[in-house]
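Residue-level listing of the chains:
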Amino acid sequence: MYITALAVLSLAATLGLSAQNAIRVEAPNVVAVNEQFNVTFIIEGEKNPSDFSWSPGEEFQLVWGPQKGTSTSIQIVNGKRTSSHQTTYTYILLPKSTGTFQIPAASATVSGDKIASSQTSIQVVTDASSSASQGNQASGQGSSQGSSGTARQQAATGEIPAEDLFMRLSLSRSEVVMGEPVTASLKLYQRVNIAGFENAKFPSFNGFWSQETYSPTNIEFKRESFDDKIYNTAVLRSYVLIPQQSGTITIDPAELVCLVNIRVNTPTSNSIFDSFFQDEYRTIRKRVVTPAVKVKVNPLPAGQPASFGGGVGSFGISARLSSDELKAHDAGSLVITLSGRGNVSLLEEPKVSFPPDFEVYDTKTTENTDKSNGGTSGSKSFEFPFIPRSAGDFTIEPVEYSYYDVTSGKYVTLRTQPLHIKVAKGKGGDSPVQISTAPGVERRDVKSLADDIRFISTKKPSLSRNSFFVGTPLFFVLLALILAAAVVTWLATRKVAAMKADVAMTKNRRATKMARKRLQQAGDFLEKNLYTAFYEELHKALIGFISDKLNMDMSEISKENIAVALQDGGVAEADVKAFTDLIDACEFARYSPDAGHEAMNSHYESAVNVISAIDSSLKIRKAGNGGAAALVALLLSFGTAFSAMAQNDQIVIAPADTSAVETAAPESQAVKDPEVLWQEGVSAYSESRYQDAVSAWEGIAATGLGAPELFCNIGDAYFKLGNYPKAILNYERALKLDPSCSDARYNLDFASGFVQDKIEAVPEFILKSLARKVCYFLDSNSWAILFLVLLCGALGMGLMFLLASSLGRRRTGFYCGIVLLILSLCCLGFSVWQKQAYSSDDSAIVMLPVSSVKSSPSGGKDLFIIHEGTKVKILDSVGSWMNISLADGRQGWIDGEALEEI
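Residues numbered from 1 in each chain as written. Predicted model: local features only at pLDDT ≥ 70, side-chain atom pairs only at ≥ 80, totals over all residues. Heavy atoms only, no water.

> Sorry if this is basic, but what is going on with the overall build of the protein chain here?
If you tally the helices and strands in the protein chain, you get 18 helices and 38 strands. Of all 902 residues assigned to the protein chain, the portion counted as buried reaches 38%. Carbon and sulfur atoms make up 53% of the accessible area of the protein chain, which totals about 50300 Å². (Helix = DSSP H or I, 4+ residues; strand = E, 2+ residues; numbered from the N terminus. Buried < 20%, exposed > 50% of the residue type's maximum accessible area, 1.4 Å probe, protein only. Areas by Shrake-Rupley, 256 points an atom, 1.4 Å probe, with all protein chains shown as cover.)

> Teacher, can you tell me more about the side chain of Thr40 here?
The residue Thr40 is located in strand 3 (residues 37-45) in this model. A polar contact of 3.5 Å, which involves the side chain of Thr40, links it to the side chain of Thr90. Not counting residues up to four positions away in its chain, the partners in contact with Thr40 are Arg24, Val25, Glu26, Thr88, Tyr89 and Thr90. (Polar contact = N/O pair within 3.5 Å; in protein donor to acceptor, adjacent residues only side chain to side chain. Contact = heavy atoms within 4.5 Å.)

> Can you help me understand the environment of Thr88 in this one?
Turning to its location among the elements, Thr88 is positioned in strand 6 (residues 80-95). With 17 residues separating them in the primary sequence, Thr88 and Ser71 have C-alpha atoms 8.9 Å apart. Excluding its chain neighbours within four sequence positions, the residues that come into contact with Thr88 are Thr40, Phe41, Ile42, Gln67, Lys68 and Gly69.

> Could you clarify how one ought to interpret the layout of surface pockets in this entry?
In this approach, a probe sized like a water molecule rolls over the atoms, and the result shows the empty space that is left. There is about 1500 Å³ of room inside the second largest pocket. If you go around the second largest pocket, you meet 36 residues; those closest to its centre are Glu732, Arg772, Ser843, Lys871 and Ala887. Broken down by secondary-structure element, the contributors of at least two residues to the lining of the second largest pocket are helix 14 (724-737), helix 15 (742-752), helix 16 (766-775), helix 18 (807-839) and strand 35 (871-878). Of the residues that constitute the lining of the second largest pocket, the class distribution is 16 nonpolar, 8 polar and 12 charged. (1 Å grid on protein atoms, 1.4 Å probe; cavity = no way out; pocket = protein on both sides within 12 Å on 5 of 7 lines; lining within 4 Å. Points joined across faces, edges and corners; volume = space filled by probe spheres on them. Nonpolar A, V, L, I, M, F, W, Y, C, P; charged D, E, K, R; others polar.)

> When you look at the packing of helix 13 (residues 708-720) against helix 15 in this model, what are you seeing that I'm missing?
The relative placement of two packed helices comes down to the angle between their axes together with the axis-to-axis distance. Their axes nearest at 10 Å, the elements helix 13 and helix 15 cross at an angle of 25 degrees. By the angle class used here, helix 13 and helix 15 are roughly parallel. Where helix 13 crosses over helix 15, the handedness of that crossing is left-handed. Touching Cys712, Asp716 and Phe719 of helix 13 are Asp743, Ala744, Asn747, Phe750 and Ala751, all from helix 15. In terms of residue class, the contact of helix 13 with helix 15 is built from 5 nonpolar, 1 polar and 2 charged. (Axes fitted to C-alpha atoms, helices over the stretch in contact; angles between N-to-C directions. Parallel < 35°, antiparallel > 145°, perpendicular 65-115°, else oblique. Left-handed = near helix turned anticlockwise from the far one by under 90°.)

> It is not clear to me how the sheet that holds strand 3 should be interpreted in this structure. Could you clarify?
Within a sheet, neighbouring strands are paired by backbone hydrogen bonds and run either parallel or antiparallel to one another. Reading across from one edge, 1-3-6-5 is the order of the 4 strands in this open sheet, with antiparallel pairing throughout. On the outer flanks of this sheet lie strand 1 (23-26) and strand 5 (60-77), each paired with one strand and no other. Looking at each pair of strands side by side, their axes are set apart by 20 degrees on average, direction ignored. Pairing of strand 3 with strand 6 involves 9 bridges; the strand directions are antiparallel. Each residue of the ladder has a partner; that of Asn38, found in strand 6, is Ile92. (Pairing = 2+ DSSP bridges.)

> Is there a simple way to think about the packing of aromatic side chains in this case?
The relation between two aromatic rings is expressed through the spacing of the ring centres and the mutual angle of the planes. Under the criterion given, the structure shown has 39 aromatic pairs. Here a set of aromatic residues connected by ring pairs shows up, and it is made of Phe41, Phe52, Trp54, Tyr89 and Tyr91. Positioned above the aromatic ring of Tyr746, the side-chain terminus of Arg454 is 4.4 Å from the ring centre. (Phe/Tyr/Trp six-rings, centres within 6.5 Å; stacked < 30°, edge-to-face > 60°. Lys NZ or Arg CZ within 6 Å of the ring centre and 35° of its normal.)

> Just checking my understanding: could you explain helix 6 (residues 531-550) for this structure?
Owing to its 3.6 residues per turn, the α-helix brings residues three or four apart onto one side. Between the first and last C-alpha of helix 6 there are 29 Å, a value that for 20 residues agrees with the 28 Å anticipated at 1.5 Å per step. Counting buried residues in helix 6 gives 15 out of 20 residues, a clear majority hidden from the surface. Directly after helix 6, the chain includes Asn551, whose backbone phi takes a positive value near 55 degrees. (Expected span 1.5 Å × (residues − 1).)

> Sorry if this is basic, but what is going on with a nonpolar patch on the surface here?
A surface patch of nonpolar side chains, about 400 Å² in accessible area, is lined by Phe814, Tyr815, Ile818 and Ile822. Among the secondary structure elements, Ile822 is positioned in helix 18. In this structure Ile822 comes out as partly exposed when scored by relative accessible area, which is 48%. (Patch = residues over 30% accessible without salt bridge, like charges linked within 9 Å, V, L, I, M, F, W, Y side chains within 5 Å. Salt bridge = Lys/Arg side-chain N within 4 Å of Asp/Glu carboxyl O.)

> Looking at this model, I keep getting lost on the pairing of strand 31 (residues 419-424). Mind explaining?
Here is the key point about a regular strand: its side chains alternate between the two faces of the sheet. Every second residue of strand 31 is oriented toward a common face, the buried set being Leu419, Ile421 and Val423 and the non-buried set His420, Lys422 and Ala424. Summarising the sheet, strand 23 (residues 325-327) and strand 31 pair through 3 bridges and their orientation is parallel. Pairing of Glu325 across the sheet is with Lys422, part of strand 31. For strand 28 (residues 392-396) and strand 31, the ladder comprises 5 bridges, and the chain directions are antiparallel. Paired with Phe394 across the two strands is Ile421, which belongs to strand 31.

> What am I meant to see in the pairing of strand 10 (residues 120-125) here?
Taken together, the 3 bridges between strand 2 (residues 30-32) and strand 10 define a ladder with parallel strand orientation. Counterpart to Val30 in the pairing with strand 10 is Gln123. Bridge count for strand 7 (residues 99-103) against strand 10 is 5 bridges, and the pairing is antiparallel. Of the residues in strand 10, the one forming a bridge with Gly99 is Val124.

> Sorry, what's going on with the sheet that holds strand 14 (residues 193-201) here?
Taken together, the 3 strands give an open sheet; going across it, the order is 14-19-20, and neighbouring strands pair in antiparallel fashion. The sheet is open, and its two borders are formed by strand 14 and strand 20 (280-289), each paired with just one other strand. Going across the sheet, the axis of each strand differs from the next one's by a mean of 25 degrees, ignoring polarity. Of the pairings in the sheet, the one linking strand 14 to strand 19 (residues 255-264) comprises 6 bridges and is antiparallel in character. Directly across from Gly196, in strand 19, lies its bridge partner Leu259.

> What am I meant to see in the packing of helix 12 (residues 690-702) against helix 13 here?
Between helix 12 and helix 13, the shortest axis-to-axis distance is 9 Å and the interhelical angle comes to 155 degrees. Taken together, helix 12 and helix 13 sit at an angle that is classed as roughly antiparallel. The handedness of the crossing between helix 12 and helix 13 comes out as left-handed. Along the contact surface, helix 12 presents Tyr690, Ala693, Val694, Trp697, Glu698, Ile700 and Ala701, while helix 13 presents Leu710, Phe711, Asn713, Ile714, Ala717, Tyr718 and Lys720. Across the contact of helix 12 with helix 13, the residue classes tally to 11 nonpolar, 1 polar and 2 charged.

These values are about where atoms sit, not about what they do.
And the structure:
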């Protein structure tokens with residue numbers, strides 16, 4: 001053990017000594033072909049080197065050297081003395097040609113060990129201008145030559161050529177996919193004498209998520225070759241950019257004002273000392289601007305997996321538990337780390353399925369990015385704190401996370417291994433607090449483990465082209481029938497009441513009945529052969545019948561008056577003569593001897609026949625007059641109803657022409673039955689084939705058929721595909737058809753949580769808001785049917801008020817009728833309100849990821865930016881531009897291609 005440790009210490013000392021005894025090289029990285037430069041070799045160690053050897057090679061000419069220099073330093077710490085030596089060898093070289101060359105390695109011997117330097121690359125360019133060495137902040141080796149022509153031009157004109165001072169914004173890539181990181185570097189190039197800077201303006205990077213990765217407090221220049229010229233360059237800013245929208249994005253120019261010292265030539269006396277004492281310098285301001293840079297951003301391909309978390313690049317995943325053995329009610333945590341190269345900062349939280357009865361708390365996020373790599377690589381960790389509430393063995397299922405691999409051009413899904421947790425019983429058992437010693441288990445509220453949209457409707461809905469009942473011909477026919485029935489009932493009841501109140505009319509109705517009763521009595525007398533009694537009773541039957549039927553007073557009874565009245569009533573002349581003859585026979589028989597049973601029987605039968613004939617004649621005439629009047633009234637009421645229907649432009653009496661729909665499809669493709677498409681969509685959704693479900697259900701909608709359940713299902717499928725704007729659009733369409741559709745409203749509220757824009761709506765008037773809530777309690781058809789029912793009740797109460805005899809009933813009919821009429825009108829208003837809201841096209845959903853709202857069509861200032869899924873109200877349009885209004889009242893103009901109307 002002791003020998004091994006000694007050997008390790010000896011090896012470490014040897015390695016440390018070798019590291020100290022090395023040759024370090026200092027040389028510029030770029031020089032001009034006509035520029036002399038220094039190369040210095042530095043050797044540090046405890047002893048001075050010996051046998052130093054180096055040759056400049058064939059690409060460089062040795063102008064002077066070597067110049068040797070030595071230095072020694074001694075340190076005494078805690079009585080221990082240490083010394084170090086540094087030896088330098090300096091050469092001046094001149095390049096022979098342009099290109100990139102290697103400085104040959106130098107060698108030396110230190111303490112008997114042979115050491116060598118590493119090879120250093122130097123780029124040789126054509127430019128020999130000395131103005132690049134004039135920067136007072138430049139680093140590296142300066143030129144040994146005199147002033148260049150550029151400096152003389154500046155002195156003569158006071159102008160700085162654009163090629164001597166400019167600024168560039170360089171990007172790592174000019175064509176990327178949405179979400180792919182781009183590194184940007186803003187660099188200043190100068191070959192002048194800069195004294196300072198003013199009024200710096202950096203790009204705003206609209207359309208990008210941006211982050212500064214380098215922002216120096218002191219600007220340091222270094223030599224660099226650009227376009228075969230030497231410049232002093234300095235990086236002003238470095239960024240990592242992540243595009244948030246597709247299309248061609250233009251990056252705004254950057255601006256900077258540079259303070260430049262230039263030499264001003266003054267009149268001289270041709271003395272050799274003028275150049276030392278009479279030169280003057282002045283400072284001028286030079287504004288430099290970067291050119292606009294365009295980046296082409298391609299959208300991500302369709303078919304994103306459900307576990308896609310916004311990552312674009314190349315990543316790996318790892319998962320670990322703080323401890324795989326816990327006790328109930330002890331805290332633990334799951335840490336998932338995504339690492340790699342790409343848009344690390346925008347990686348979304350992965351979805352983790354914890355076992356039931358695990359309480360999960362807010363996720364903690366930690367990000368580590370590599371600044372040296374432009375901020376495009378690093379890792380992002382998500383810590384999920386949790387507390388198990390029950391003992392047992394649990395498993396956290398593998399966590400899936402998908403990203404888009406730019407290199408392969410496809411989506412890649414990462415999976416972790418399943419993690420096993422063993423949870424033992426805690427001190428208090430499975431319950432955090434024991435409040436009772438009674439046997440059993442602790443009862444707790446059922447907790448929600450996760451939230452999601454409601455499942456689709458599997459039962460085939462009632463599909464129709466016009467699903468609104470209000471305003472249809474059937475609606476108006478039923479309304480006309482209800483009103484006509486009320487009028488007929490009122491008229492009939494009035495007529496009955498009038499008839500009951502009319503004594504003469506009562507006698508008229510009872511005339512035939514009384515006549516038959518007296519005839520029956522006369523018949524009894526006939527059977528008993530009571531001659532005088534028979535004719536007296538027969539005479540009473542005839543005279544009483546005429547008096548009651550024709551409303552004639554007994555004082556007016558005479559054969560002449562009876563004949564005139566019967567003829568006026570439309571009775572046949574033969575019947576009139578037969579009736580008067582019977583009266584004469586009765587009067588004659590009362591004062592004449594018995595004529596025999598045969599005459600009595602003949603007169604009896606004649607009386608029965610003539611009374612029946614007269615009664616029939618009078619009834620036919622009255623019925624004819626009353627029936628004609630009723631028929632005219634009924635025809636007038638129905639004519640009014642159908643006239644109103646014909647004037648209503650929303651009613652289509654003819655059946656819809658479906659020939660266009662049927663012939664739209666190619667002859668080779670038969671249009672599928674909607675019921676078949678519905679079942680195909682349900683099956684595809686149940687099997688997580690959401691795109692197939694969308695295709696099937698949208699095939700139904702393309703035929704012109706619709707139902708709230710259909711659009712709600714389409715929205716559910718789009719939500720599962722991650723297309724939240726389309727999901728919100730279809731939920732809104734479902735609620736347009738039926739505002740009381742609870743599934744569509746719940747799913748809309750849930751999907752709206754994924755919309756980036758949070759807009760505080762202007763508060764609505766409280767009465768209007770209350771009316772809207774009541775209106776959305778039922779659908780339009782239910783309100784229309786309820787209107788007809790309440791209208792029937794209101795008309796019934798009105799009839800009670802008009803026809804009831806008691807004051808209490810009339811009062812009840814009046815107040816109840818008023819209430820029912822108001823309620824029925826409210827129901828009609830709610831039904832029409834929903835139909836008008838459906839027919840209006842003043843609402844739309846933003847479909848593009850990012851859209852700018854401008855102050856005027858086709859240009860103007862950018863007022864604000866809205867994102868996909870936001871609902872807007874369309875106020876006006878000019879060409880393809882739409883004037884929109886947000887829920888908070890802000891207005892502006894947006895390109896119509898960014899919207900889709902509900």
